[in-house]
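# Chains, contacts and geometry: an overview
Spelled out, the chains give:
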Amino acid sequence: MTATSPTRAPEGVRKDFPADLSASIAVFLIAMPLSLGIALATGAPLQAGLVAAAVGGIVAGRLGGAPLQVSGPAAGLTVVTAELIQRYGWRTTCAITVLAGVCQLGLAALRTARSALMVSPAIVHGMLAGIGVTIALAQLHIVLGGTPQSSAVANVLGLPAQLADLHPVALGVSALTLVVLLGWPRLPGRAGRALRKLPAPLAAVAAATAFAALAGLSLPRVDLPSWRSHALPEMPEGPVLGLIAAVLTITLVGSVESLLSAVATDKLIASERGTDNRPPRADLDRELRGQGAANIVSGALGGLPITGVAVRSVANVKSGAASRKSSMMHGFWVLLAAFLLVPLLDLIPLATLAALVMAVGVQMVSITHLRSVTRHREALVYGTTIVAVVLGGVLEGVAVGIAVAVALALHRLARTRITLERTVDGVHRVRARGQLTFLAVPRLSRVLNQIPHDAHAVVELDGSFMDHAAYETIQDWQQSHLAHGGTLEVTGRSGQAARINGADPAAADRTGSPHGADGADGAEGAGGGHGAERGPDTRHGEGGHQADRSRRGQHRGTHQCCRPWTPWQNHCDHRATSTRTATSTAATTAAAAAAAAAATDGENGSWDGGSPDVSPAPRRRGAGQLASGISAFQRDTAPHVRDELARLAREGQQPSQLFITCADSRLVTSMITASGPGDLFTVRNVGNLVPLPGAESTDDSVAAAIEYAVDVLKVDSITVCGHSGCGAMQALLSSAPGVAMTPLRRWLRHGLPSLERMGSRHHAWARISGRLPADAVEQLCLTNVVQQLEHLRAHESVARRLAEGTLELHGMYFHVGEAQAYLLSEGEDFFDCRVFDTVGQHA
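Summarised in this report is the structure supplied together with it. From a predicted model like this one, the values you see are computed outputs, not experimental measurements. (Residues numbered from 1 in each chain as written. Predicted model: local features only at pLDDT ≥ 70, side-chain atom pairs only at ≥ 80, totals over all residues. Heavy atoms only, no water.)

### Quick look at the overall build of the protein
A tally of helices and strands in the protein yields 35 helices and 13 strands. Taking all 843 residues of the protein together, 49% fall into the buried category. When contacts within the protein are restricted to residue pairs at least 6 apart in sequence, long-range pairs at least 24 apart make up 77% of them. Total accessible area computed for the protein in this model is approximately 38,300 Å², and 60% of it derives from carbon and sulfur atoms. (Helix = DSSP H or I, 4+ residues; strand = E, 2+ residues; numbered from the N terminus. Buried < 20%, exposed > 50% of the residue type's maximum accessible area, 1.4 Å probe, protein only. Contact = heavy atoms within 4.5 Å. Areas by Shrake-Rupley, 256 points an atom, 1.4 Å probe, with all protein chains shown as cover.)

Dropping the structure here:
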């Protein structure tokens, strides 16, 4: 969804002009030295950097979809552009830039911008880090007073000779530049605060230039030739495949960097400003279209390739820019300076620009990024991409990174640990950890065949995927094991009963399983396909049912009475209404089949409540509906849960976690967690809020539940679960001051910290892995989970258990429309966001 802003009144535009003007000057002061430095690093004419900066500000600023993003020549394309200039020459490189802009327009027309965000962050970070290493190695030679070589390897091999032939003047000016650049943001006191308003890059270049000029130092300086001799593009010359690869490289690297910068700028705006003072969110397809147009113009005018620049965009936002006019005016200032300040620019030493760009290259190797990829176990992808980019180039490095990422994913998919152990009571327990694919079938078959035919076996499948080969292997062994008189129990993770469909019906009948005729409402209806760990059915051999029941009573969670999903009143009514006319014949047939299957179950009855009526009665309301539900429970469910509830009544409750969630009727905790009686200690309220201790209008019921769960029940973890479309979050967003207080409004005041967190620059945003929040409501729902976890830590009992290391806190988000649950991962991502991953990714 793309947000659009209403047409602004003329007085609003006039009000924003001073802020845009001051921001444009701040960005201009940063852009000038960086643009010249990047042009120097690529080997292009120095004017090319100024052309790209002006065009990026004016064209991309006017046509782009990120109002406060500033575009221009960026360090991310430095290595690629330098290689193209060395191979094809400058004028052909300009033509390649034009063609890359045309490709970007095509990608924007196909609306593929968001697909760029699907690239693994480890590959993106590795690509940028590899580019940074290459830039730093090349500029180091200029800093030392020499000339860079043609490749990173050559630059490394040439360093000993360069160190033996130092140029003290160039080294001294470069050192002064770096000292000012690094020390400027740390100037103390009131005077330092005033001086820090001047950008550090400009201060560093100005100080080094003034020192070199006043000291009369002799060293190479900027030499801007006359604009009359400025080189324009020519028809590309060279191998066709090489030119195509060059165009694709500029297109892909520039597009990914621009779109990631646009997303990061959006995040910065949201953290810096309130909802009433924000421009619309970035339209990524429009931004890609603007970048394409800017590259076409820049290449045609003899400029460098253009992309969104994070450094300038951050400066634009922090300087108070209110609209895209700040970026456009910055481009206009660059254009004026390119014509009017040439004598001043010619005083800048090349060593100063090299030191500036070298510092930018070093900063591209981010420790934060390294920690992030290490935390997500992608350090191999990150490191391989860096090495490949440095040794082979950007396109080759990205290709190697993608290949390693795919290989790593396949390795994790294929890596399965299968073990067999025999317990003291003679039970043979098989544990399969990981995904069961055809690659694991030989090991799985070997382990299963080691189990004696007449033994009782427990097969524990702890994975989220099972392919057809593994499914048939388990199914064939199961039928053989039961036929030889053995008994069997198949469970999923945490001992939840699992179902392997297609077993011998006679064997199922002998066990008296209450789920023998589930049909579509059983495991396949819930999980689909061959997801063995999803369903609730458990198969046993003849005569082993009572013994197995007593064994299951000793292990919490192995009972088969509580299935993760069954039809309920709303669901049945909806299905009956929507299919009343079109499927009457099919419904009759299905009803007859279900009745026959229920009859096969004998006296154990059917968990699904018997055969459905072909013509359902009108839905009952109030007491009638309640009585009907109770009656169905006593008739169909109570016989199967009675033993388990009796055990819980004798032993007392021992839940493993406290589950705090919203009172929304669409959020069924037992369904989305596949839990049953005794598993969760649940607290539900409007908005899944956790009031801070001592807060105004504190509701002690929530605090009491937390204290009881943590100190008395000794739960191992606490989960705060939010959900999409939360009415409480919508009410918070739409609340207006001065409205009379009601019980609901008083309660929602506990959610105000979440609203403040969403608009604060001091806290990380929250998002779902792989995409941005759909709207402000979803953003607040996600942020609220993170904030309520902070509130939990303020409770004394929780803080104590956390300090002891005996308690864990988890955040969870359930998207109702997608029936998808997400868990909050640890730490923050590339954009400093708290990320909610799907369970498979999180695991």
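### Observations concerning the environment of Thr92
Mapped onto the elements, Thr92 comes out in helix α4 (residues 90-109). The exposure class of Thr92 is buried, given its relative accessible area of 1%. Along the sequence, Thr92 and Leu243 sit 151 residues apart, while their C-alpha atoms lie 9.4 Å from each other. With sequence-adjacent residues up to four places away left out, Thr92 is seen in contact with Glu234, Met235, Pro236, Glu237 and Leu243. A distance of 3.3 Å separates polar atoms of two side chains, one belonging to Thr92 and the other to Glu234. (Polar contact = N/O pair within 3.5 Å; in protein donor to acceptor, adjacent residues only side chain to side chain.)

### Considering a positive patch on the surface
Together, Arg190, Arg193, Arg196 and Lys197 make up a positively charged patch on the protein surface. Position of Arg193 among the secondary structure elements: in helix α9 (residues 189-195). Looking at Arg193, the relative accessible area reads 49%, which means it is partly exposed. (Patch = residues over 30% accessible without salt bridge, like charges linked within 9 Å, V, L, I, M, F, W, Y side chains within 5 Å. Salt bridge = Lys/Arg side-chain N within 4 Å of Asp/Glu carboxyl O. Lys, Arg positive; Asp, Glu negative; His and termini not counted. Charge placed at Lys NZ, Arg CZ, Asp CG, Glu CD.)

### Some words on the environment of Gly302
Positionally, Gly302 belongs in the loop between α12 (284-300) and β2 (307-308). Every residue in contact with Gly302, bar those within four places of it in the chain, is listed here: Ala48, Val51, Trp90, Cys94, His230, Ala231, Leu232 and Pro233.

### Section: the packing of aromatic side chains
Within this structure, the stated rule accounts for three aromatic pairs. Their ring planes at 40° and their centres at 5.8 Å tell us that Phe681 and Tyr708 sit as a pair that is tilted. Remark: Tyr708 occurs in helix α29 (residues 700-712) and Phe681 occurs in strand β8 (residues 680-685); sequence separation between them is 27 residues. The exposure class of Phe681 is buried, given its relative accessible area of 17%. (Phe/Tyr/Trp six-rings, centres within 6.5 Å; stacked < 30°, edge-to-face > 60°.)

### With respect to the state of the cysteines
With the rule as written, the count across this model stands at zero disulfides. No disulfide involves Cys726; its nearest neighbouring cysteine sulfur is the one of Cys662, lying 4.2 Å away. (Disulfide = S-S within 2.5 Å.)

### Some details on the packing of α4 against α12
Relative to each other, α4 and α12 sit at 160°, their axes nearing to 7 Å. As judged from the angle between their axes, α4 and α12 are roughly antiparallel. Crossing angle aside, the handedness with which α4 passes α12 is left-handed. From α4, Cys94, Thr97, Val98, Gly101, Val102, Gln104, Leu105, Leu107 and Ala108 reach across to α12, where they touch Asp285, Leu288, Arg289, Gln291, Gly292, Ala293, Asn295, Ile296, Gly299 and Ala300. Its residues assigned to classes, the contact of α4 with α12 shows 10 nonpolar, seven polar and two charged. (Axes fitted to C-alpha atoms, helices over the stretch in contact; angles between N-to-C directions. Parallel < 35°, antiparallel > 145°, perpendicular 65-115°, else oblique. Left-handed = near helix turned anticlockwise from the far one by under 90°. Nonpolar A, V, L, I, M, F, W, Y, C, P; charged D, E, K, R; others polar.)

### Digging into the pairing of strand β11 (residues 808-815)
Of all eight residues in β11, six are buried, a share of seventy percent or more. Pairing analysis gives seven bridges linking strand β9 (residues 717-723) to β11, with the strands arranged parallel. Looking across to β11, one finds that Thr719 is bridged to His810. Judged from the four bridges that link them, β11 and strand β12 (residues 820-824) form a sheet pairing that is antiparallel. Looking at β12, one finds that Met812 is bridged to Leu823. Count of turn residues in the β11/β12 antiparallel hairpin: four residues, of which Ala819 carries a positive phi of about 50°. (Pairing = 2+ DSSP bridges.)

### Looking at helix α10 (residues 200-215)
Along its 16 residues, α10 runs 22 Å from first to last C-alpha, staying within 8% of the 22 Å computed at 1.5 Å per residue. Every buried residue of α10 is accounted for by Ala200, Pro201, Ala203, Ala204, Val205, Ala208, Thr209 and Ala212. Directly beyond the C-terminal end of α10, a positive phi value near 65° is found at Gly216. (Expected span 1.5 Å × (residues − 1).)

### Overview of the pattern of salt bridges
What the rule picks out here adds up to 12 salt bridges. Between Arg431 and Glu460 there is a salt bridge, with the nearest N and O atoms lying 3.6 Å from each other. Residue Arg431 is located in strand β4 (residues 428-433), and its partner Glu460 is located in strand β5 (residues 456-462); the two are separated by 29 residues in the primary sequence. Exposure remark for Glu460: the relative accessible area of 11% places this residue in the buried category. We note a salt bridge from Asp664 to Arg666, for which the minimum N-O separation is 2.8 Å.

### Concerning the sheet that holds strand β6 (residues 487-491)
Spatially, four strands are ordered β3-β4-β5-β6 in an open sheet, and the strand pairing comes out mixed. Each of the sheet's edge strands pairs with one partner strand only, and the pair in question is β3 (417-422) and β6. Strand-to-strand twist in this sheet, taken as the mean axis angle between neighbours without regard to direction, amounts to 15°. One ladder, built from six bridges, connects β4 with β5; its direction is parallel. Looking at the pairing, His428 lines up with Ala457 of β5. Those strands touched by helix α21 (residues 468-483) are β5 and β6, and its axis lies near 150° from that of β6.

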